[in-house]
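# Commentary on secondary and tertiary structure
Next come the chains, spelled out residue by residue.
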Protein chains: 2
Amino acid sequence: MDPLVIRVHPSDNVAIVVRPEGLTEGAALPGGLVSREAVPQSHKVALHDIAAGAPILRYGAPIAFTTRAIPRGSWVRGELLTIPPAPDLDELPPATAVPPPQPPLEGFVFDGYRNADGTVGTRNILGFTTTVQCVVPTVEFAAERIRRELLPRYPGVDDVVALGHNYGCGVAIDAPGAAVPIRTVRNLALNPNLGGETLVVSLGCEKLQPDRLFPPGGECSRGGETLVRLQDDRHHGFAEMVAAIMEAAEKKLAVLARRRRVACPASGLVVGLQCGGSDAFSGVTANPAVGHAADLLVRAGATVIFSEVTEVRDASHLLTARCCSEDVARDFIREMRWYDDYLRRGGADRTANTTPGNKRGGLANIVEKAMGSVAKSGTSALMAVTAPGERVKAKGLVFAATPASDFICGTLQLAAGMNMHVFTTGEGTPYGLAMAPVIKIASRTALARRWPDLIDIDAGRIATGEATIESVGRELFDLILEVAGGRRRPCAETLRLHNPLALFNPGPVT
Amino acid sequence: MDPLVIRVHPSDNVAIVVRPEGLTEGAALPGGLVSREAVPQSHKVALHDIAAGAPILRYGAPIAFTTRAIPRGSWVRGELLTIPPAPDLDELPPATAVPPPQPPLEGFVFDGYRNADGTVGTRNILGFTTTVQCVVPTVEFAAERIRRELLPRYPGVDDVVALGHNYGCGVAIDAPGAAVPIRTVRNLALNPNLGGETLVVSLGCEKLQPDRLFPPGGECSRGGETLVRLQDDRHHGFAEMVAAIMEAAEKKLAVLARRRRVACPASGLVVGLQCGGSDAFSGVTANPAVGHAADLLVRAGATVIFSEVTEVRDASHLLTARCCSEDVARDFIREMRWYDDYLRRGGADRTANTTPGNKRGGLANIVEKAMGSVAKSGTSALMAVTAPGERVKAKGLVFAATPASDFICGTLQLAAGMNMHVFTTGEGTPYGLAMAPVIKIASRTALARRWPDLIDIDAGRIATGEATIESVGRELFDLILEVAGGRRRPCAETLRLHNPLALFNPGPVT
């Protein structure tokens, strides 16, 4: 209990300092090791003498190479390390180590809202899809009035949310990258938490015309009566535009208000996983606990989505091996290659990930960050890979390719169909989404104590020995079901912390 | 009075249909011309027989070439036309037709807020700069409480505005394009309407650290006391973060509330010009009237900014000729070349501009749109050209290179130092900004009548002969001074229509 350091894998030649005050010089560590210098909390201490040019092993994998010999007991700082190359995409093992299915977990249910398309909502929200950024202030104005004047009369409806974004006009809408933001806006409207009753607000002259956003006859065609077009001749001025939106909204509210929560199997859950403001503990405490919860969810039949291309790129070889088929491995490699090219066109590569906070938190580079990040995915087989903005249709563990930006990733996971969001953080971030409940997990107890109204689960107890990866994972699994069923609200939902949607537009603006 | 068609330039071989009902087949036009078919309002009718492959001349310039012969009286539709190539950037005439200065206009003043850096505010706003998107909901939460609880005690302060944006982390911050969004966020904080009292809210672990945003000792270094860092140990939870922001804000409010409007010469005006939802009338009515106002403003010593690279690209040869020096012409060509390359990298070119609404409104292509768009710039010499996100320091007419996206352009003009915004529209858009008053001008009377609470000036009266370009231009000039001095509020300000800031990030996200 309450160890000084944590080693994740038996072959690791470094361990992570646990105590908030760090190690002092001369501190006695397990196995007769003595620290040669002070090492801050969550940073790495060398367990053996490490030769110049040798690998630093963490999670059993080479996360870096040394630039000079590092004696045992030293602080293994970023300046002493070089980064390994990313795994070669032409050499990845496809479906070579597919984990066998684990025993199903039967009988887990939550009270959800059943949708006509077979999805299940965890909330009952009226959403306004916007075809173009021009209408955003008008829609916000109307949404605010609806929340104040109409919503109290429809207590079964949880919220009114304007799906504002920065797309639709002033963009190269026929450029190769344009498909991504367009399908994102479309699929956001199909999110299970909007109950299939999305109202579309269009300006009229924009590039992203409603029929382009929702091709008639397609899976996501809209009913004509749900479209409000601000430039229509029938609206005399702003007041009438707002009135038209409110009138259309009230019809939708009446429909939504008649819905009732019913017991749904856990297979109706689509849980999106993300991390933001990670530290070296994230990969030891919060992310493995989420990984355990992910395994439980998969066993219970749910869909679990993980994402963030630049944070899995260095673990590509591990993930292609876990793909359930060679086809899925090929899809994974296609997404990695697309992102490599995208970054290269912009003069960057995957090392553009890692922040000053990551480094201060002990993460040497993107390889170490990635190894900790993929711990969120647990140990199941990877059943499908989707491109940015696509809907996820598979059950089980799915990789939805997205940027690692918290806001873009969250938006794309909502477009993928996420109805519950789990977010781990080391440094702490007051993050939240309007369209799905967000459960926040701290990698360190200090953060959980400092932010009691923002953090839902303290995974730091794993480092101190007060809890285990399995116990915190189970706690999260149970909380997901409670929140999904509307019996609890996580902190971010209580505070109404709603980060704006952020689209991924790889194409140019005009 | 009330003509059927308008020809802009004596050499034009097309004219624009004026009447809302359009032309019927067989309508008698001036000069014995008879229409051969119905032609909708704001579309083009052929004034002469035009041979196959001949140029269509509008504004005295070739806006297109015909794909087949077009008899006089025909509707000159987009399908009958091909687009000319963009002017060759290596062949542009530099400073070859510099307009001589027009007689100065003396004695025009407005009541503004003088700033320490020599700029003048037209409004007295407390702004919150955000270093990263993570803090946006927290800052919005605090701003809303400040507006409700504190602002009523400081009646001299007009508003509290969170400068939220989608940058700061999850981005390739060392990529070549990153300088643009970073300097934009920095220069937004220096906008004259924020009075130099911007409060900076940082998360803590983000890539865009406060010292990177505002390098210490630089022109825009911040006072340490104005920074609130959410991850600071001293904030116990969300409530204390909000309290810290409110406490810092109240100190700023007290300073801002002591400021008084004083008479300032018109040279304190920095007027940004933009158009959105243009039609074929925009280049005949609203934009030329704005151009006349621009000339008056320049004569009164003000700075006038026009922008929108893809909407001036096809008029490059006219603009380099008007540059006051070969250096300024070189700067202009540099910006055009940069944007050509940027679009090419994304698989697009300048023809990605023009929308379904533009085309429905009679604009055949980007050349015709550009010729109408540059009319906003009036007839003065071009004194300076700035890159996206840079501050404008010159007086007179300045080209600030920006995308044509209304929201990105507006944001970049605010970063350039704009304290008044003028926006022309043909199709109509309920556009507005939080940081500067926006005056909206309709190109057609029908729109002005339909949207009386959104349109400030009806330039459609120019088409019907009820007013002239000069009279509407003068009306706008007078209104700009009244609004700048706080004696009037334009429609968008009254309704508090605040489009979110939209950064231009040519670099990749991670």
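Residues numbered from 1 in each chain as written. Chains lettered and ligands numbered in written order. Predicted model: local features only at pLDDT ≥ 70, side-chain atom pairs only at ≥ 80, totals over all residues.

What follows is about the overall build of chain A. The helix and strand tally for chain A stands at 14 helices and 20 strands. Here the C-alpha radius of gyration of chain A, 24 Å, is about what a compact globule of 510 residues would show, namely 24 Å. The principal-axis extent of the C-alpha atoms belonging to chain A is close to 80 × 45 × 40 Å. Per-residue burial over chain A gives 63% buried out of 510 residues. Residue pairs in contact within chain A that sit at least 24 positions apart in sequence constitute 73% of those at least 6 positions apart. (Helix = DSSP H or I, 4+ residues; strand = E, 2+ residues; numbered from the N terminus. Rg over C-alpha atoms; globule rule 2.2 N^0.38 Å. Buried ≥ 20, exposed ≤ 12 C-beta atoms within 10 Å, placed from the backbone. Contact = placed C-beta atoms within 7 Å.)

To continue, consider helix H13 (residues 469-484) of chain B. All names here are of chain B. Taking 1.5 Å of rise per residue, the 16 residues of H13 would be expected to cover 22 Å, and the 22 Å separating its terminal C-alpha atoms lies within 8% of that figure. Looking only at H13, the buried set comprises Ile469, Val472, Gly473, Glu475, Leu476, Phe477, Ile480, Leu481, Val483 and Ala484. A positive backbone phi angle near 80 degrees is found at Gly486, which sits one or two residues after H13. (Expected span 1.5 Å × (residues − 1).)

This part takes up the environment of Leu318(A). Mapped onto the elements of the fold, Leu318(A) is located in helix H6 (residues 316-322). Once the C-alpha coordinates of Leu318(A) and Leu297(A) are considered, the two residues, 21 residues apart in sequence, prove to be 21 Å apart.

Let's shift gears to the relation of the copies chain B and chain A. Think of it as a corkscrew move, a rotation about one axis and a shift along it, taking one chain copy to the other. Mapping chain B onto chain A calls for a rotation angle of 180 degrees and an axial translation of 0.0 Å; the resulting RMSD is 0.1 Å. With respect to symmetry, the two chain copies, as superposed, fit the operation of a two-fold axis. Identified as the residue of chain B closest to the rotation axis by C-alpha distance is Arg345(B), at 3.7 Å. When the interface residues of chain B are mapped onto chain A, 100% of them again lie at the interface, so the same face is used by both copies. (Least-squares fit on C-alpha atoms with pLDDT ≥ 70 in both.)

Another aspect to go through is the sheet that holds strand S2 (residues 14-17) of chain B. Two strands in a sheet stick together by hydrogen bonds in their backbones, pointing the same way (parallel) or opposite ways (antiparallel). Residue and element names in this part refer to chain B. The antiparallel open sheet is built from three strands, whose spatial order is S1-S2-S3. One side of each edge strand has no neighbouring strand; the edge strands of this open sheet are strand S1 (5-6) and strand S3 (44-46). Strand direction decides the pairing type here: S2 and S3, joined by three bridges, are antiparallel. The partner of Ala15 across the bridge, within S3, is Val45. (Pairing = 2+ DSSP bridges.)

What follows covers the sheet that holds strand S5 (residues 61-66) of chain A. Residue and element names in this part refer to chain A. An order of S4-S5-S6 is seen for the three strands of this open sheet, with the pairing classed as antiparallel. Edge strands, defined here as strands with exactly one partner in the open sheet, are strand S4 (55-58) and strand S6 (81-82). Bridge count for S4 against S5 is four bridges, and the pairing is antiparallel. Considered in S5, the bridge of Arg58 is made with Ala61. Here helix H9 (residues 366-373) sits on the sheet in contact with S4 and S5, set at roughly 165 degrees to S5. (Axes fitted to C-alpha atoms, helices over the stretch in contact; angles between N-to-C directions.)

Moving on: the interface of chain B and chain A. On the side of chain A, 68 residues touch chain B, which itself brings 68 residues to the contact. Looking at the side of chain B that touches chain A, the elements that each hand over two or more residues are helix H1 (136-150), helix H4 (237-257), helix H7 (326-345), helix H8 (356-360) and helix H10 (406-416) of chain B. Within the side of chain B that touches chain A, the residues separate by chemical class into 34 nonpolar, 25 polar and nine charged. (Nonpolar A, V, L, I, M, F, W, Y, C, P; charged D, E, K, R; others polar.)

Many descriptions give the size of an interface as the accessible area lost when the pieces come together. Residues and elements named next belong to chain A. Taken domain by domain, chain A comprises domain 1 (1-82), domain 2 (125-257) and domain 3 (267-494). Centre-to-centre separation of domain 1 and domain 3, based on C-alpha positions: 26 Å. The partner domain 3 presents 17 residues to the 18 residues of domain 1 that form the contact. Considering every element that reaches the side of domain 1 that touches domain 3, the biggest residue donor is S5, with three residues. (Domains from an automatic or database assignment.)

On to the packing of H1(B) against H4(B), then. Residue and element names in this part refer to chain B. Put simply, H1 and H4 touch, their axes get as near as 9 Å, and they point 50 degrees apart. Between H1 and H4, the angle is such that the two are oblique. In this structure, H1 crosses over H4, and the sense of that crossing is right-handed. For the pair H1 and H4, contact is made by Thr138, Val139, Phe141, Ala142, Arg145, Ile146 and Leu150 and by Met241, Val242, Ile245, Met246, Ala249, Glu250 and Leu253, respectively. Of the residues belonging to the contact of H1 with H4, the class tally is eleven nonpolar, one polar and two charged. (Parallel < 35°, antiparallel > 145°, perpendicular 65-115°, else oblique. Left-handed = near helix turned anticlockwise from the far one by under 90°.)

Attention now moves to the confidence of the model for chain A. The predicted model of chain A averages 95 in pLDDT, with 98% of residues at 70 or higher. Among the scores for the predicted complex, ipTM is 0.95 and pTM is 0.96. (pLDDT = per-residue confidence, 0-100.)

Take the packing of helix H5 (residues 286-299) of chain A against helix H13 (residues 469-484) of chain A next. All names here are of chain A. Contact geometry of H5 with H13 gives a least axis separation of 7 Å together with a crossing angle of 55 degrees. For the element pair H5 / H13, the angle class is oblique. As H5 runs across H13, the sense of the crossing is right-handed. The segment H5 lies against H13, with Pro288, Ala289, Val290, His292, Ala293, Leu296 and Leu297 engaging Ile469, Glu470, Val472, Gly473, Arg474, Leu476, Phe477 and Ile480. For the contact of H5 with H13, the class distribution of residues is eleven nonpolar, two polar and two charged.

Residue and element names in this part refer to chain A. Between S4 and S5, which pair antiparallel in sequence order, lie two residues; one of them, Tyr59, sits at a positive phi of approximately 55 degrees. In the sheet, S5 pairs with S6 via two bridges, with the strands oriented antiparallel. Counted as the bridge partner of Phe65 is Thr82 from S6.

As a further point, take the nonpolar core. Core analysis: the biggest nonpolar cluster contains 352 residues, and Val271(A), Leu297(A), Val271(B) and Leu297(B) have the highest contact counts within it. Not counting residues up to four positions away in its chain, the partners in contact with Leu297(A) are Ala266(A), Leu269(A), Val271(A), Ala302(A), Val304(A) and Phe477(A). (Core = buried A, V, L, I, M, F, W, Y, C linked by C-beta atoms within 7 Å.)

Another aspect to go through is the pairing of strand S14 (residues 270-275) of chain A. All names here are of chain A. By the criterion of burial, S14 is predominantly enclosed, with six of the six residues buried. The side-chain alternation of S14 yields two buried faces, one formed by Val270, Gly272 and Gln274 and the other by Val271, Leu273 and Cys275. Two strands pair when backbone bridges link them, and S14 and strand S15 (residues 303-306) are joined in this way by three bridges, in the parallel orientation. By the bridge assignment for S15, Gly272 is matched with Ile305. At this point the chain moves from S14, through H5, to the parallel S15, and the crossover so formed is right-handed. (Right-handed = clockwise from strand over helix to strand, strands pointing away.)

With that settled, the discussion passes to the environment of Gly168(B). Residues and elements named next belong to chain B. By the secondary structure assignment, Gly168 is in the loop between strand S10 (159-163) and helix H2 (179-189). Taking the C-alpha atoms as reference points, Gly168 and Thr130, separated by 38 residues in sequence, lie 8.5 Å from one another. Other than its neighbours up to four places away in sequence, Gly168 contacts Thr131, Val132, Gln133, Glu206, Lys207 and Leu208.

Residue and element names in this part refer to chain A. Here helix H1 (residues 136-150) spans 20 Å end to end across 15 residues, near enough to the 21 Å set by a 1.5 Å rise per residue. Within H1, the full set of buried residues consists of Val136, Pro137, Thr138, Val139, Phe141, Ala142, Ala143 and Ile146. On its buried face, H1 sits against strand S9 (125-130), strand S10 (159-163), strand S11 (199-202) and helix H4 (237-257).

Attention now goes to the environment of Pro104(A). Residue and element names in this part refer to chain A. If you trace the backbone, Pro104 turns up in the loop between S6 and strand S7 (109-114). The exposure class of Pro104 is exposed, given the 10 C-beta atoms found within 10 Å. On a C-alpha basis, the gap between Pro104 and Phe423 in space is 25 Å, while along the polypeptide they are 319 residues apart.

In this section: unusual backbone geometry. Excluding glycine, residues mostly carry a negative phi; peptide bonds, for their part, are mostly trans. Residue and element names in this part refer to chain A. Positive phi values are uncommon outside glycine, yet Glu308 reaches one of about 75 degrees. Locating Glu308 in the fold gives a position in the loop between S15 and H6. Accessibility expressed as a C-beta count within 10 Å gives 31 for Glu308, which makes it buried. A positive phi angle, near 55 degrees, is found at Arg496, a position not held by glycine. Looking at the secondary structure, you find Arg496 in the segment after helix H14 (491-494). By the C-beta count within 10 Å, which is 12 here, Arg496 ends up exposed.

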